[in-house]
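Chain residues, written in single-letter form:
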Amino acid sequence: MDWNKLLCADRRKDKHGGKGHVGTNTGKGRAEIERDYDRILFCTPVRRLADKTQVFPLERNDSVRTRLTHSHEVSNLARGIGVRLAFEHKEIFGETSLCIERDVPALLASIGLVHDLGNPPFGHQGEAAIQKWFENNKEAQPKDYSDDFLKFDGNSQTFRLITKLQILNDQFGLNLTYATLVAMLKYPVSSANVKNSTVWKKHGFFISEQDIVQDLWENTGLSEGKRHPLTYIMEACDDIAYSVLDAEDIVKKSLASFYDLVNYLEYWANENCQQDEVILDLIEKIKNKNAEYKKENLSPAELNDMSMQMFRVFSISSLVNNAVDTFLNEKDKFINIKSLTKDLIGESKGKNLCKALKSFDTKWGYQHKSVLKLELEGYNYIQSLMDMLWIGIHGKLTKTHKSQTPFGKYAYQKISENYRRVFEDNSNTMDTDYKEAQLLTDAISGMTDSYLIDIHNELIALKNDFTSTK
């Protein structure tokens, strides 16, 4: 394992040439990987996450998390672990001339912030809606690499967004370092080869970005199926964040109470994992805090809220500490690129606590009728909007089909100019049917929840008017 390669701070534009260097004169005082975080933070798709579903679609309660707050929390947890590893356990990185203390925390913060950037509106229901639309519209399926769309995944869209769609001034996207780009690949396998993998169940990039990924592997010493070691940490932080903090939001929305959560964890510890010590230790701590707060003059709502805050503190601390201990004590599983380990949390002592919290989240939150109703509405909006955008996309390059109707031309203009430029670029050598399908998924994935509904309602009215006057 060569950390000099794994933390390669070169950029693809430097190697392959480009139209100049955006921000070159403003990079003084920052390491290259630190600049990656800044580029991600200030890009438009990050701000759009404020109006993308984490668990509760179109939530009006500002204290309930969106994809943006979730991404910042994952980034924060990952950076914190990076600081611990770089300053307290630098020996695991071997002999290197790199500034580990700056590069490792910055890289983990970057991939934590970017990890959900390509997710479509309405969370996983958005992914399901896109997949189902292509399943139902066989004429829209490209003859080659149809799994990019039939098994559409937000992780692959994130990589495409950062490397192709979020244009600065050329074809290199945000032009992040090799280290950040390769560590972003949560699933280091293409859609074409994932069916042959014994480890990864999802693909991490589309066939349209295969050449970029191959370049990353050649410059970092990795290869297909081999995950960057620090990606395990980011993934663990994602698991910790959504399992713990989704539970906090469920209680915040009064779908369950603090006592419902405690009772559920007690049941889980006794029935499913034979008195799990991590869960029982957490229960004892949060019960003791709750008992302290009961002695104060607090309203029921304040008692519930303060008890949940301490649940968050204790549970995150427990899961993070167990993840770090596992990464250090069993480092060969994660630092050896020949390892076939699937995830860090699953190897740690905190695995049962994480499972219990995810089970609670599903029962009390994800499956709540109010959530299911809004997800269904979002699913239907996406499917309907895809029908309308397809009119403007299909046949656009050859100026045939309905794309040349007034409605088709207008629908096409509602798609991001960046995305249309990539679609129309002569250097884009993918087959036309593939490019059409990809522009459709690019357009949908780039929208926020509210914007998608607004565009849908605008187009459906125009489509009905156009149809009625023909």
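S.K.: Provide a residue-level description of the side chain of R11, including the pertinent values.
M.R.: One can find R11 in the loop between helix 1 (3-6) and helix 2 (12-16). In this structure R11 touches E32, R35, D36, R39, N175, L176, T177 and Y178, once residues within four positions along its chain are discounted.

S.K.: With reference to specific residues and values, describe helix 17 (residues 351-366).
M.R.: Inspection of helix 17 places N352, L353, C354, A356, L357, F360, D361 and G365 among the buried residues, and these make up the whole buried set. Considering only its buried residues, helix 17 is in contact with helix 12 (229-252), helix 13 (258-271), helix 14 (277-294), helix 15 (300-329) and helix 18 (369-393).

S.K.: So what about the environment of H16? Which residues, and what values?
M.R.: With respect to the helices and strands, H16 occurs in helix 2. Along the primary structure H16 and V278 are separated by 262 residues, whereas in three dimensions their C-alpha atoms are 50 Å apart. Look past the residues within four positions of H16 in its chain and what remains in contact with it is F172, Y178 and D215.

S.K.: Go over the packing of helix 20 (residues 417-424) against helix 21 (residues 432-445), please, and point to the residues and values.
M.R.: Relative to each other, helix 20 and helix 21 sit at 170°, their axes nearing to 10 Å. On the basis of the axis angle, helix 20 is roughly antiparallel to helix 21. Contact with helix 20, carried on its side by Y419, R420 and F423, involves K435, E436, L439, D442 and A443 of helix 21 and no other residues of that element.

S.K.: Can you break down unusual backbone geometry residue by residue, with the values?
M.R.: What is expected of a backbone is that most residues other than glycine have negative phi and most peptide bonds are trans. Of note in this structure, N175 is not a glycine but carries a positive phi near 55°. Here N175 shows up in the loop between helix 9 (154-165) and helix 10 (178-184). Phi at S254 is positive, roughly 65°, even though this residue is not glycine. Tracing the backbone through its elements, the reader meets S254 in the loop between helix 12 and helix 13.

S.K.: Go over the packing of helix 13 against helix 15, please, and point to the residues and values.
M.R.: In the contact formed by helix 13 and helix 15, the axes pass within 9 Å of each other and the chain directions differ by 40°. Taken as axis vectors, helix 13 and helix 15 run oblique relative to one another. Here F258, Y259 and L261 of helix 13 lie close against helix 15, whose contacting residues are L303, N304, S307, M308 and F311. Residues belonging to the contact of helix 13 with helix 15 are distributed by class as follows: 6 nonpolar, 2 polar and no charged.

S.K.: Give me the lowdown on the packing of aromatic side chains, citing residues and values where you can.
M.R.: Under the counting rule described, the total for this entry stands at 15 aromatic pairs. Judged by centre distance (5.8 Å) and plane angle (65°), the ring pair of W133 and W390 falls under edge-to-face. Of this pair, W133 sits in helix 7 (residues 123-136) while W390 sits in helix 18, placing them 257 residues apart in sequence. What makes W390 buried here is its relative accessible area of 8%. The interplanar angle of 55° and the centroid separation of 6.3 Å between the aromatic rings of Y412 and F423 together place this pair among those described as tilted. Taken as a pair, Y412 in helix 19 (residues 406-413) and F423 in helix 20 lie far apart in primary sequence, 11 residues in all. By relative accessible area, Y412 is classed as buried at 1%.

Reading the values: the criteria
Residues numbered from 1 in each chain as written. Predicted model: local features only at pLDDT ≥ 70, side-chain atom pairs only at ≥ 80, totals over all residues. Heavy atoms only, no water. Helix = DSSP H or I, 4+ residues; strand = E, 2+ residues; numbered from the N terminus. Contact = heavy atoms within 4.5 Å. Buried < 20%, exposed > 50% of the residue type's maximum accessible area, 1.4 Å probe, protein only. Axes fitted to C-alpha atoms, helices over the stretch in contact; angles between N-to-C directions. Parallel < 35°, antiparallel > 145°, perpendicular 65-115°, else oblique. Nonpolar A, V, L, I, M, F, W, Y, C, P; charged D, E, K, R; others polar. Phe/Tyr/Trp six-rings, centres within 6.5 Å; stacked < 30°, edge-to-face > 60°.

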